[in-house]
Amino acid sequence: MRIYFYLPLVLLAFTTQTTFGQTITGKIIDTKTNLEAPALQLKLKPTQELIYTNATGNFEVFAPSAGNYQLVAIYGNKEVLVSEVIVQSENIALGTLRVELPAVDFASSEISQLDLSDLSGDEADDGFSSALSAGRDPFTNASAYNLSNLRFRSRGYYNEDQEVLLNGMIMNDQDDGRVLWNAWSGLNDVFRNQTPILNLASNDYTFGGIGGATNIDIRASRQRKQKKAVYSLSNRNYTHRAMFTYATGKKQNGWAFAASASHRFGSGYQPGTYFQGTSYFLAVDKALNNAHSLGLVVLGSPQIRGRGLATVQEVYNLTNDNYFNSAWGYQNGKVRNSREYRIHQPVMLLTHDWKINTKSTVSTTFGTMQGTFASTNLDWYQAPDPRADYYRKLPSFGETDEISQSLTDYYASNSDNLLVDWQRLYDANASRQYTIYDVDGIEGNNISGKLAAYTLVEDHFDSEKYSLTSVINSVLSSRYTFSGGIQALSEIVHNYRKLDDLLGADFYINYDKFADRLVITNPNAVQNDLNHPNGLVYEGDIYGYNYDLHTNKLSSWGQLAYTGKKFDYFGAAQITYQFFYRDGKMKNGKFPDNSYGKGNVHDFLNFGLKGGVSYKFSGRDYFQINASYRTRAPFATDALLSTRTRDQIVSNAESEKITSAEATYLHLSPSLKGRMTAFYTKFQDQINNITFYLDSDQTFGNLTSTGIGKQHMGVEAGFEKKLNSTFTALVAGSIGEYIYTTRPTATITYDNSNYSYETTLYLKNYYVPGIPQTAGTVGLTYNAPSFWFINVNFNYFDNHYVDMNPLRRTDLAVSDIHPTFQSEQFNAIIGQEKLDDGYTLDLFGGKSWRIKQGQFLALNVSVGNILNNTKIRIGGREQLRFDFQDKNVEKFPPRYFYAYGINYNLNISYRF
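Note that the structure is predicted; figures quoted are calculated from it, not measured. (Residues numbered from 1 in each chain as written. Predicted model: local features only at pLDDT ≥ 70, side-chain atom pairs only at ≥ 80, totals over all residues. Heavy atoms only, no water.)

Trainee: Explain the overall build of the protein chain to me, using residue names and the numbers behind them.
Mentor: The helix and strand inventory of the protein chain stands at eight helices and 50 strands. With the principal axes as the frame, the protein chain shows a C-alpha extent of 90 × 60 × 55 Å. Within the protein chain, buried positions represent 54% of all 912 residues. Relative to all contacts within the protein chain whose residues are 6 or more apart in sequence, the contacts with residues 24 or more apart total 70%. Carbon together with sulfur atoms contributes 53% to the accessible area of the protein chain, which is approximately 38500 Å² in total. Side chains of the protein chain give 83 positive and 89 negative charges; the mean places of these two sets differ by 7 Å. (Helix = DSSP H or I, 4+ residues; strand = E, 2+ residues; numbered from the N terminus. Buried < 20%, exposed > 50% of the residue type's maximum accessible area, 1.4 Å probe, protein only. Contact = heavy atoms within 4.5 Å. Areas by Shrake-Rupley, 256 points an atom, 1.4 Å probe, with all protein chains shown as cover. Lys, Arg positive; Asp, Glu negative; His and termini not counted. Charge placed at Lys NZ, Arg CZ, Asp CG, Glu CD.)

In structure tokens form, the structure reads like this:
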């Protein structure tokens with residue numbers, strides 16, 4: 001992967017060329033439909049340079065010298081004057097141009113292809129422009145804004161099913177498929193130029209996942225020319241936010257600059273939560289000549305976030321508070337949270353754009369993302385569990401009714417008794433005088449002092465990511481376009497535990513606290529690192545576990561699209577080679593032979609195919625069918641067993657198979673727009689890995705499921721109707737059925753032994769948990785002529801199930817329970833809990849004022865759950881523990897999440 005480091009030198013070779021002339025930019029709107037005109041062919045006279053508007057109607061054309069020009073739109077042999085342009089010494093920003101386009105209802109549609117040349121003469125009424133594959137529609141908007149607070153995800157897909165790109169660089173983590181959005185949060189104003197690709201549709205950026213892709217263009221030359229100051233007041237994740245953005249737009253000399261910074265701070269909605277973070281963004285572009293430009297972006301968002309945890313209903317009832325948070329407590333009268341996220345993963349992007357000719361472009365991006373992502377927690381050694389809501393401390397665990405009642409009265413009298421008692425932790429450490437013998441394996445190296453009973457630790461998942469992507473887009477003819485590219489990714493995730501705070505003690509020890517019982521047969525079992533036995537741990541030291549996960553991926557893709565009068569077609573293919581391995585930094589005492597050093601390399605060759613056809617009933621009505629079949633390598637975090645202790649992969653690990661299809665009716669007109677889609681997706685041979693605690697053996701373990709099959713099917717729809725000049729109505733929703741279709745094989749391994757065994761996981765016909773399978777919204781918006789608006793939405797969700805503990809769906813859990821004669825207990829163990837349905841009412845409004853030429857003041861307010869319904873469970877999960885002895889499911893009840901009550905965000909911005 002060293003080619004990455006030579007790329008900047010190659011691109012800088014273009015800087016020897018000189019730039020002349022100015023650029024003309026703008027956006028075209030059809031006056032008849034008031035919609036954007038994408039893929040519209042334009043010509044700049046007298047240079048005769050031909051260009052096309054993009055998917056949102058924007059264009060950019062180059063004027064070689066000062067003078068008078070005409071910008072015209074071309075329809076076959078017809079030309080429509082768009083604007084007269086006088087170019088002097090500066091670039092020209094024409095803004096929005098409203099143009100009455102010819103008879104073909106071009107602008108009422110949303111275009112992905114470029115053929116217009118045959119829409120002329122008597123045949124003009126027989127051809128219609130293509131339906132958009134990129135962009136937000138009413139359902140997509142509703143999913144992102146109205147339903148996301150209810151934990152709704154379109155089609156039940158996860159992050160790994162959708163690609164997210166910054167200037168072409170894929171931001172999905174390769175070890176687990178997730179996207180760390182927080183790494184660039186707080187930079188709203190420079191992240192507005194987004195192109196979402198809907199599910200299986202064609203696109204010009206990447207092959208995409210089954211959930212589509214989102215390309216975010218943050219190049220300086222793509223930023224709106226502005227100076228903007230923003231202040232926000234909220235009670236959600238933070239209290240205050242201040243942000244400032246400056247962008248020059250593309251200047252006469254070919255340079256463009258953009259910068260943005262924000263600071264967020266204050267407490268969150270849930271008690272004990274808070275946010276402290278500063279975000280930064282700097283971008284610069286240089287047009288080297290008419291054909292080449294180079295751009296650099298640097299951004300990051302260092303932050304500390306005090307987290308809120310879910311807990312059992314018993315605790316919520318004791319405190320009479322469905323937002324009780326047991327992760328924090330008071331230390332010397334100040335809030336201190338034991339569970340923080342500490343994140344700073346800066347991103348650097350270097351992009352080269354090459355305009356080969358008027359019909360072909362190549363964009364190449366070298367990107368890197370490096371930094372830290374840590375999560376804090378309490379750790380302890382030979383001491384009681386310090387967690388405030390630990391099950392042994394609750395009234396339900398009381399051995400007698402008197403003890404239970406006494407605990408109930410104690411907690412109910414003061415809910416602070418369920419918080420972290422920081423002073424007690426310090427007191428416990430103050431009395432722990434120990435002598436540790438033969439420290440670091442050196443005989444006679446004995447050290448005495450206060451051995452910590454309790455510490456605060458950071459669990460790290462630090463990422464080091466390098467990416468090289470190159471994409472070509474070419475208009476082959478009046479009917480055909482081609483898009484394709486290569487993607488090379490290299491990622492190292494450094495996983496380790498670091499001691500953050502000794503809480504008054506002198507040192508900690510690098511022992512496995514769950515292996516004490518094993519030392520009789522294996523004296524080294526307690527050692528986390530045999531290279532440094534009996535190692536003492538001080539603040540800032542790494543201990544417990546320490547390993548890297550390496551993932552490398554190389555893929556190539558291509559897409560050919562055809563645009564006809566009535567039918568459009570596209571086909572795309574992708575091939576991917578991927579491998580991963582573990583590199584251990586500690587020699588574990590229980591697994592000395594396969595824990596230290598580079599592990600086995602596991603490689604996979606995969607492919608993907610997708611295609612679609614669109615039929616154009618008219619310029620307003622379309623019918624589309626898209627389908628895809630692909631294979632995907634398992635993620636390292638799922639395929640590797642117990643990565644903290646050893647290098648071992650699950651038996652018969654294989655690539656996942658995904659089959660997906662969708663059929664869509666799309667309507668686009670001035671008064672009504674929207675779509676209805678029926679979808680079907682089949683997942684085969686998925687792998688999933690969870691960590692659990694086994695009380696009987698007092699050890700952590702892993703349950704790895706292979707051969708998981710799922711079926712996601714349903715209907716989603718969204719329509720937006722203009723009732724009159726001021727009122728607009730929205731209806732959007734989805735009804736799905738997401739179920740498991742197989743009985744996977746479960747491999748259970750323990751952290752404190754080589755023992756492992758396989759069993760059947762009885763998941764078939766269970767509902768996929770963690771997402772409402774039915775959700776919808778109805779909204780009404782009033783847009784006043786005097787530049788203010790108000791929107792109200794009613795949101796509803798149902799068929800939402802609690803995340804399951806797989807251990808309870810194995811023979812081990814019910815082997816001695818007859819399903820007929822003891823059906824109540826049997827069903828309690830294997831049953832699936834369904835959450836109650838729920839609804840919220842949300843309000844959004846705003847007003848803008850023009851202060852003077854080029855200066856605007858805007859005020860926006862959003863209020864969620866204005867009915868203040870505090871009893872809406874939006875999620876829950878069974879604990880990954882099970883009482884195998886008494887088979888009592890109430891011993892470890894589920895933990896629940898509740899939707900915020902009334903919450904708000906006020907936003908004031910000044911643009912000048």
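Trainee: How would you explain the side chain of Thr664 if you had to name every residue and give the values?
Mentor: Position of Thr664 among the secondary structure elements: in strand β36 (residues 656-668). For Thr664, a relative accessible area of 6% corresponds to the buried category. When neighbours within four sequence positions are excluded, Thr664 is seen to be in contact with Tyr622, Phe623, Gln624, Arg675, Met676 and Thr677.

Trainee: Pulling in residues and values, what's your account of the nonpolar core?
Mentor: Ranked by internal contacts, the top residues of the largest apolar core, which has 26 residues, are Leu166, Trp184, Phe191, Ile218, Phe281 and Leu299. Among the elements of the structure, β8 (163-166), β14 (255-267), β15 (274-287), β16 (292-300) and β22 (347-357) are those that each provide at least two residues to this core. Setting aside residues up to four positions removed in sequence, Leu299 forms contacts with Ala183, Trp184, Leu187, Phe191, Ile218, Tyr280, Phe281, Pro346 and Val347. (Core = buried A, V, L, I, M, F, W, Y, C linked by side-chain atoms within 4.5 Å.)

Trainee: How would you explain the pattern of salt bridges if you had to name every residue and give the values?
Mentor: When their charged atoms lie close together, side chains carrying opposite charge are able to pair. One pass over the full model with this rule turns up 34 salt bridges. Ionic pairing is found between Glu654 and Lys657, a salt bridge with its closest N-O pair at 2.7 Å. Residue Lys657 is classed as buried on the basis of its relative accessible area of 18%. The residue Arg808 makes a salt bridge to Glu878 at a minimum N-O spacing of 3.6 Å. Of this pair, Arg808 sits in the loop between β44 (800-801) and α7 (811-814) while Glu878 sits in the loop between β48 (873-877) and β49 (895-898), placing them 70 residues apart in sequence. Glu878 sits in the buried class, given a relative accessible area of 7%. Taken together, the shared-partner salt bridges connect Asp137, Arg155, Glu662, Arg675 and Glu716 into one network. (Salt bridge = Lys/Arg side-chain N within 4 Å of Asp/Glu carboxyl O.)

Trainee: Can you explain the sheet that holds β8? Please cite residues and give values.
Mentor: Taken in spatial order, the four strands line up as β9-β8-β11-β10 in an open sheet, and their pairing is mixed. Each edge of the open sheet is held by one strand with a lone partner, namely β9 (169-170) and β10 (194-198). One ladder, built from four bridges, connects β8 with strand β11 (residues 212-216); its direction is parallel. Bridged to Glu163 within β11 is Ala213. (Pairing = 2+ DSSP bridges.)

Trainee: So what's going on with the environment of Ile343? Residues and values would help.
Mentor: For Ile343, the position within the fold is in strand β21 (residues 340-344). Those residues in contact with Ile343 that sit more than four places away from it in its chain are Leu180, Asn182, Ser301, Pro302, Gln303, Thr372 and Phe373.

Trainee: Quick rundown of a nonpolar patch on the surface? Include the residues and the values.
Mentor: A cluster of nonpolar residues, Leu723, Phe727, Leu780, Trp788, Ile790, Val792 and Leu843, forms a patch on the protein surface that exposes about 530 Å² of accessible area. When residues of the nonpolar patch are assigned to their parent elements, the largest contribution, three residues, is made by strand β43 (residues 788-798). Within the fold, Leu780 resides in strand β42 (residues 774-784). By relative accessible area, Leu780 is classed as partly exposed at 35%. (Patch = residues over 30% accessible without salt bridge, like charges linked within 9 Å, V, L, I, M, F, W, Y side chains within 5 Å.)

Trainee: Can you tell me about the sheet that holds strand β4 (residues 58-63), naming the residues and giving the values?
Mentor: If you trace the three strands from one edge of the open sheet to the other, you get β4-β1-β7, paired in mixed fashion. One side of each edge strand has no neighbouring strand; the edge strands of this open sheet are β4 and β7 (92-99). Direction aside, neighbouring strands of the sheet carry axes that sit 25 degrees apart on average. With six bridges connecting them, strand β1 (residues 22-30) and β4 associate as antiparallel partners. In the strand pairing of β4, Thr25 is matched with Glu60. (Axes fitted to C-alpha atoms, helices over the stretch in contact; angles between N-to-C directions.)

Trainee: Give me the packing of aromatic side chains: which residues, what numbers.
Mentor: Aromatic ring pairs are reported here in terms of the distance separating the ring centres and the angle at which the planes meet. This structure, assessed with the given rule, holds 37 aromatic pairs. A ring pair is formed by Tyr341 and Phe373, whose centres lie 5.5 Å apart and whose planes are at 50 degrees; its orientation type is tilted. Of this pair, Tyr341 sits in strand β21 while Phe373 sits in strand β24 (residues 372-380), placing them 32 residues apart in sequence. Given a relative accessible area of 18%, Phe373 falls into the buried group. Ring geometry for Tyr782 versus Trp788: centroids 5.2 Å apart, planes at 55 degrees, classification tilted. Three or more aromatic residues joined by ring pairs form one cluster here, namely Tyr480, Tyr562, Phe567, Tyr569, Tyr615 and Phe617. (Phe/Tyr/Trp six-rings, centres within 6.5 Å; stacked < 30°, edge-to-face > 60°.)

Trainee: Tell me about helix α5 (residues 422-430), and please be specific about residues and values.
Mentor: Considered for burial, the residues of α5 that qualify are Trp422, Leu425 and Asn429. Each buried residue of α5 lies within a common arc of 60 degrees when the element is viewed along its axis, so the set occupies one face. For α5, the secondary structure elements touched by its buried residues are β19 (328-331), β20 (334-337), β24, β26 (447-450) and β27 (454-475). (Arc of directions from axis to C-beta.)

Trainee: Let's hear about the confidence of the model for the protein chain: which residues, and what values?
Mentor: For the protein chain, the average pLDDT comes to 87, and 91% of its residues sit at 70 or higher. When the criterion is pLDDT under 50, residues 1-20 qualifies, and its contacts beyond four places in sequence or with other chains add up to 40 contacts. Predicted confidence is poor over residues 103-126, with pLDDT under 50, and the contacts of this stretch with residues over four places away or in other chains come to 82 contacts. (pLDDT = per-residue confidence, 0-100.)

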